[in-house]
Amino acid sequence: MTRTRTPGDITRRRSIADAAGGFPTRAAVVLYACIQPGQDEAAVTALLRRHAEARDWVVAAEVVDHTSTATPLDRRPNWERARLLITTGQARGIVTTSRAACADTGDAPAVEEWLAEHQAFLSEARPAVHGAVR
């Protein structure tokens, strides 16, 4: 009987093989930002990149939506790209300014379940000055 491997199975097997070979891999992450009117996109993505690099994570992609965090995920134009990078195993985590950027619309339980299902994580890069980046 042939079993189809899920993206999570593939990622798990790669991690085991890398660990056995003595070559730990650096986690790949997606930088995800919801940019509000008047917000400096470059400053937000730089904050996310510094957060990832400080943890020795590899940035697989930068994904930006110019929408409110109150917009449901399935109505954000670029969320699908971030989701696809996780589900295909190309990234193991999402770096964002706050959990609300990925789950402020009542999607939080579903997002947490989806991340766990793909053995992925979400990391918050909080700005040093409150109110500088939302």
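Residues numbered from 1 in each chain as written. Predicted model: local features only at pLDDT ≥ 70, side-chain atom pairs only at ≥ 80, totals over all residues. Heavy atoms only, no water.

(A) Focus on the sheet that holds strand E2 (residues 58-65). Taken together, the four strands give an open sheet; going across it, the order is E2-E1-E3-E4, and neighbouring strands pair in parallel fashion. Sheet topology places E2 and strand E4 (121-124) at the edges, where each strand pairs with a single neighbour. Direction aside, neighbouring strands of the sheet carry axes that sit 25° apart on average. Both strand E1 (residues 28-34) and strand E3 (residues 93-96) contribute to a ladder of three bridges, which runs parallel. Directly across from Val30, in E3, lies its bridge partner Ile94. (Pairing = 2+ DSSP bridges. Helix = DSSP H or I, 4+ residues; strand = E, 2+ residues; numbered from the N terminus. Axes fitted to C-alpha atoms, helices over the stretch in contact; angles between N-to-C directions.)

(B) Up close: the side chain of His118. Here His118 is to be found in the loop between helix H5 (108-117) and E4. Overall, the relative accessible area of 15% leaves His118 in the buried class. Beyond its immediate chain neighbours, meaning those up to four positions away, His118 contacts Ile86 and Thr87. (Buried < 20%, exposed > 50% of the residue type's maximum accessible area, 1.4 Å probe, protein only. Contact = heavy atoms within 4.5 Å.)

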